[in-house]
Amino acid sequence: MKKKPSRTPVSDLPFEILTWAQVRDEVQAPDSRNDDEDRVLVLTGNVVMPHDLGLDFRQGIFAQDDEDAPPFVGLIVRGDLNVEGCVLNWENDFGPLLHVHGNLVAKSIAIGGTRLHVTGDVTTGDLVAVYNHGSVFVGGNLKARTLASHYAFRVTGAVDAHRYQGQDSKVFAVAGGVEDAANAYEAKGVFIPALVQDGRVSLEKARALLAAGKPIARDAFTSIREAFRQLVAKKLTEPDKVKSLTLEDKGLTSLPEELFLFRKLEKLNLRRNNLRTLPEELGQLTELRELDLRLNGLLELPESIGELKKLRVLDLEANCLWRLPESLAGCVELRRVNLINNPYAYVRRAFGSWRQVKLMFDFPEVLTRLPKLEVLTFEGTPLRTLPTRRFDSTTLSKATVLRSLVTHVDPELHAQLQVDVERSREKAAAFIGYWFRPETVGQESFYDAKTDRYDFTDVLALLALLLRINIPTAAPYEEALEKFRAQSQAIVWSLDRNGDKPRHVHALFGALRDALGPLGEPYPGNALIVGLRDVFAARAG
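Report on the accompanying structure.

Analysis parameters
- Residues numbered from 1 in each chain as written.
- Predicted model: local features only at pLDDT ≥ 70, side-chain atom pairs only at ≥ 80, totals over all residues.
- Heavy atoms only, no water.
- Helix = DSSP H or I, 4+ residues; strand = E, 2+ residues; numbered from the N terminus.
- Contact = heavy atoms within 4.5 Å.
- Areas by Shrake-Rupley, 256 points an atom, 1.4 Å probe, with all protein chains shown as cover.
- Lys, Arg positive; Asp, Glu negative; His and termini not counted.
- Charge placed at Lys NZ, Arg CZ, Asp CG, Glu CD.
- Pairing = 2+ DSSP bridges.
- Core = buried A, V, L, I, M, F, W, Y, C linked by side-chain atoms within 4.5 Å.
- Buried < 20%, exposed > 50% of the residue type's maximum accessible area, 1.4 Å probe, protein only.
- Axes fitted to C-alpha atoms, helices over the stretch in contact; angles between N-to-C directions.
- Left-handed = near helix turned anticlockwise from the far one by under 90°.
- Nonpolar A, V, L, I, M, F, W, Y, C, P; charged D, E, K, R; others polar.
- Expected span 1.5 Å × (residues − 1).
- Patch = residues over 30% accessible without salt bridge, like charges linked within 9 Å, V, L, I, M, F, W, Y side chains within 5 Å.
- Salt bridge = Lys/Arg side-chain N within 4 Å of Asp/Glu carboxyl O.

1. Quick notes on the overall build of the protein
When you go through the protein residue by residue, the secondary structure sums to nine helices and 28 strands. Its C-alpha atoms give the protein principal-axis dimensions of about 85 × 70 × 40 Å. The long-range share in the protein, meaning contacts at least 24 apart out of those at least 6 apart in sequence, stands at 48%. If you sum the accessible surface of the protein, you get close to 24500 Å²; carbon and sulfur atoms cover 48% of it. Each charge class in the protein can be summarised by its mean position, and for the 69 positive and 73 negative side chains these summaries are 5 Å apart.

What follows is the structure in structure tokens.
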């Protein structure tokens, strides 16, 4: 991006100019691939800068009289650093390194591609980190009013901040390193309106405001739950007049108790939240006709759902439901049920670990007892079985089971169902691509750097789950083996992209190889187990 002028004056601080070879051993910032002759600015002792600190090449304290000379590659402070203005970096792809051996205190921090490494604590007002080529490491605690970034920070100590991380994520209060996940904030409840569009925070605009010395956050923050209470405070004066309510994309992890005072609700939209379970109080909303629960990561429905006698539409797409309660048969007016993509993409996050993941392998027979069912949709759900009885409904017009693990259909019993058994092998192998990947089998999932210990429990639970999905569905297994082979290569590259961590690769794939012994016992002589042993052994070293 085009650099903007820095407001950092050229300081008369007593800088030393050293070469990278002279400071290499004291710098621990990641990806420090400098040449020995590169030049670094060094300040010794505790330093106060009564102005902004710009971290862009050839600007501010990094300015040079000779434009042809190589730029200074960083600033090292051998002590504490107090910046009475903004620590500022405009370039998203790179910037001089700032390495502080002590604590860093700044009015604000607004950076892009620079690397910030602080051995001690960081204390600031607002901290904005744009893009993903930069890095932030804090050896002590990190305290800020707001923290907004496109990438994760490495903080050894505790974080205290209202944290926004990602393109469209919610804001969460973090105190003492503990995130209050049950009380999320929308971006507009924390940041000023000029920064928020379609629920997202413009970090580039936030950086520009901090550079100009202007605020980016509201004087007081309002959580989603607080905003909901403010909203319903008006509606609760006449709750029986409220027929429809939308709580879409509110970051809810539980339902506000005030919701159940609207006993005349007919439509309820809870789409795109973080609801894992629903309270039994749901059954109090007996006037409901439509219930939209898409994109939540729901694990189960409450037994009280059977009290919704007038319910006509139940949308359960993109959740992690592994069973349906028998009480659902009480929804005698139910016409449409959508069960596409159960489980959805974030299955491990929904359950908490691979050891706890449960999948809907068996067709929920309660669906066959809905007397007025018209449309039933399964797609991307790993069903192995189909119902053992016919549907009671005489109005069923569309019932599909697509991209499942079903391999056999009874033409007479299942005549009402559209099932694509020919894609079961493809679907089984697809789960390997979804889940056996660097994002889920990363170093942090099996290695604790502090204790230098491995724990492969969760990774092996994932392997066991993938074997259960693919055996015997995907026989003769060429596609499944190719997926494992390709994903193993991707994991190896991710773990050892710099060629300095081969032991993690060897340890992981050695554990996977060895686990095939006990995991393969239920499948003696199985070709997938045999083939996988070769795939993993090749990486185990």
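2. Some remarks on the sheet that holds strand β13 (residues 154–155)
Taken together, seven strands build an open sheet; the order of strands is β1-β2-β5-β7-β9-β11-β13 and the sheet is mixed. One side of each edge strand has no neighbouring strand; the edge strands of this open sheet are β1 (16–19) and β13. With four bridges joining them, β1 and strand β2 (residues 39–44) adopt antiparallel strand pairing. Paired with T19 across the strands is R39, a residue of β2.

3. Concerning the nonpolar core
L301, L314, L324 and L367 are the most contacted members of the largest nonpolar core, which has 54 residues in total. Counting residues per element, this core draws most heavily on helix α3 (residues 224–235), at three residues. Judged by nonpolar contacts, the second largest core, of 51 residues, contains F361, A461, V492 and V535.

4. Topic: the packing of helix α6 (residues 457–470) against helix α9 (residues 527–540)
The contact between α6 and α9 brings their axes to 12 Å, and the two run at 145°. When the axes of α6 and α9 are compared, the crossing they make is right-handed. Contacts from L463, L467 and N470 of α6 reach α9 at L528, I529, L532 and F536.

5. As for the packing of helix α7 (residues 478–495) against helix α8 (residues 502–520)
The contact between α7 and α8 brings their axes to 9 Å, and the two run at 145°. Here α7 and α8 pass one another in a crossing that is right-handed. In contact with S488, I491, V492 and L495 of α7, α8 contributes H504, V505, L508 and F509. Within the contact of α7 with α8, the residues separate by chemical class into six nonpolar, two polar and no charged.

6. Details of helix α5 (residues 424–435)
With 12 residues, α5 should cover 16 Å at 1.5 Å per step; its first-to-last C-alpha distance of 17 Å lies within 8% of that length. Among all positions in α5, only S424, K427, A428, A429, A430, F431, I432, G433 and W435 are buried. Taken together, the buried residues of α5 touch α4 (347–351), α6 and α7.

7. A few points about the pairing of strand β6 (residues 81–88)
Across the eight residues that make up β6, a large majority, six, are buried. Across three bridges, the pairing between strand β3 (residues 47–49) and β6 is parallel. Residue pairing across strands places V48 opposite N82, the latter belonging to β6. As defined by bridge partners, β6 adjoins strand β8 (residues 104–111) across six bridges and the pair is classed as parallel. Within β8, the residue paired with L81 across the bridge is L104.

8. Remarks on the sheet that holds strand β26 (residues 418–419)
Overall, parallel pairing links the eight strands, which are arranged β19-β20-β21-β22-β23-β24-β25-β26 in an open sheet. Bordering the open sheet on either side are β19 (244–246) and β26, each of which pairs with just one other strand. Bridging between strand β22 (residues 313–315) and strand β23 (residues 336–340) involves three bridges; their strand directions are parallel. Bridge pairing links L314 to V337 in β23.

9. Focus: the pairing of strand β14 (residues 159–165)
Sheet analysis places strand β12 (residues 142–149) next to β14, joined by six bridges and oriented parallel. Within the sheet, the bridge partner assigned to K143 lies in β14 and is D160. The sheet contact formed by β14 and strand β15 (residues 171–175) spans four bridges and is antiparallel. Residue pairing across strands places A161 opposite V174, the latter belonging to β15.

10. Let's talk about a negative patch on the surface
Taken together, the side chains of D65, D66, E67 and D68 define an acidic patch exposed on the protein surface. One can find D65 in the loop between β4 (53–54) and β5 (72–78). Overall, the relative accessible area of 85% leaves D65 in the exposed class.

11. Observations concerning the pattern of salt bridges
Under the defined criterion, the tally for this structure stands at 29 salt bridges. Across the pair K310 and E287 runs a salt bridge, and its minimum N-O distance is 2.9 Å. Of the two residues, K310 sits in the loop between β21 (290–292) and β22 while E287 sits in the loop between β20 (267–269) and β21, which places them 23 residues apart along the sequence. Under the relative-accessibility criterion, E287 is labelled buried at 19%. Between E379 and R403 there is a salt bridge, with the nearest N and O atoms lying 3.5 Å from each other. Here R403 lies in the loop between β25 (398–402) and β26 and E379 lies in strand β24 (residues 375–379), a separation of 24 residues in the sequence. The structure contains a network of salt bridges with shared partners spanning E248, R271, D292, R294 and D315.

12. Observations regarding the environment of Q197
Inspection of the secondary structure puts Q197 in strand β17 (residues 196–197). The exposure class of Q197 is exposed, given its relative accessible area of 58%. Sequence separation between Q197 and N296 is 99 residues; the distance between their C-alpha atoms is 23 Å.

13. Observations concerning the environment of V130
Position of V130 among the secondary structure elements: in the loop between β10 (122–129) and β11 (135–138). The class for V130 is buried, based on a relative accessible area of 1%. The spacing of V130 and A206 is 76 residues in sequence and 9.3 Å in space, taken between C-alpha atoms. Non-local contacts of V130, meaning those with residues more than four positions away in its chain, are made with N92, I111, G112, H150, Y151, L203, E204 and R207.

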